[in-house]
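Each chain is listed here by its residues.
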Amino acid sequence: KRYILGVRRISMGFFSDLFAGNNADNDDHIPAIMPAGAIDQINRGILPTMKTDNIILSKGEECHFAERAILVKEKVSKRYEGRSNGVSIRLSKHVTYRTGQNKGKPVEEITQEKTKGLVYVTNKRIIFMADKNAFDKKYSSLTGCAPFSNAIKLQFGTKTFTLMVPDGGAISSVITMIGNSRT
């Protein structure tokens, strides 16, 4: 069976519109757009073929998965809290000698940046289309895949992407089926 995702033209609020109905209290809930019949095929081990106008496919390339997703990036910021004291002595016009001590302790803060968009899995690429932090990676450069109930972690070489999706098992199954068909 072929599934056609509703054609929607990209506008300034496209990605915001996709997630309409989400509120700040329930930011991790992602409403699904994948047809139930396609998910059923995936669960039975059959790769669905989807038509979409949102991505440009190369010759011989087919889209097998298209879903809303949130890319989660963790940022670590480091700062020092505490005190420092000392004295600076000017020795000449261009030379200053500083003596003192710092009793500051390093403090790390981890923040998450979330970017809403669409994830597509074709037989050749994995694409995350968004207003920022988008990526288009060849399937052949995928080195690791870790599924979760509502997310998937993809590793391409030294770069890792964590995508929150409605069903982490479905996208993982599609990636596994594509990998098995390539060997």
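Right above here is the structure, for reference.
In what follows, the accompanying structure is described. Since the structure is predicted, the reported quantities are computational estimates derived from the model, not experimental observations. (Residues numbered from 1 in each chain as written. Predicted model: local features only at pLDDT ≥ 70, side-chain atom pairs only at ≥ 80, totals over all residues. Heavy atoms only, no water.)

Moving on to the overall build of the protein. In terms of regular secondary structure, the protein is built from 3 helices and 11 strands. Along the protein, from the amino end to the carboxyl end, the secondary structure elements read β-α-α-β-β-β-β-β-β-β-β-β-β-α. When each of the 183 residues of the protein is scored for burial, the buried share is 34%. Put simply, 60% of the contacts in the protein that link residues at least 6 apart link residues at least 24 apart. Total accessible area on the protein is roughly 11,300 Å²; 49% of this is exposed by carbon and sulfur atoms. (Helix = DSSP H or I, 4+ residues; strand = E, 2+ residues; numbered from the N terminus. Buried < 20%, exposed > 50% of the residue type's maximum accessible area, 1.4 Å probe, protein only. Contact = heavy atoms within 4.5 Å. Areas by Shrake-Rupley, 256 points an atom, 1.4 Å probe, with all protein chains shown as cover.)

Tallied over the entire structure, the rule returns 4 aromatic pairs. Judged by centre distance (6.0 Å) and plane angle (65 degrees), the ring pair of F156 and F161 falls under edge-to-face. Taken together, the aromatic side chains of F128, F135, F156 and F161 make up a single cluster linked through ring pairs. (Phe/Tyr/Trp six-rings, centres within 6.5 Å; stacked < 30°, edge-to-face > 60°.)

So, about the layout of surface pockets. By volume, the largest pocket amounts to about 270 Å³. Lining the largest pocket are 15 residues, and of these V72, K73, E74, T160 and T162 lie nearest its centre. Of all elements in the fold, only β3 (63-81), β6 (105-122) and β11 (159-164) reach the threshold of two or more residues within the lining of the largest pocket. For the lining of the largest pocket, the leading source of residues is β11, giving 5 residues. Across the lining of the largest pocket, the residue classes break down as 5 nonpolar, 4 polar and 6 charged. (1 Å grid on protein atoms, 1.4 Å probe; cavity = no way out; pocket = protein on both sides within 12 Å on 5 of 7 lines; lining within 4 Å. Points joined across faces, edges and corners; volume = space filled by probe spheres on them. Nonpolar A, V, L, I, M, F, W, Y, C, P; charged D, E, K, R; others polar.)

So, about the nonpolar core. The biggest cluster of nonpolar side chains holds 35 residues, and the ones touching the most others in it are F65, V119, I126, L163 and I175. Looking at this core, the elements with two or more residues in it are α2 (36-43), β3, β6, β7 (125-130), β10 (151-156), β11 and α3 (168-182). If one sorts the elements of this core by residue count, α3 sits on top with 6 residues. Once you skip the residues sitting within four places of it in the chain, V119 turns out to touch F65, A66, E67, A69, I126, I127, F128, L163, V165 and I171. (Core = buried A, V, L, I, M, F, W, Y, C linked by side-chain atoms within 4.5 Å.)

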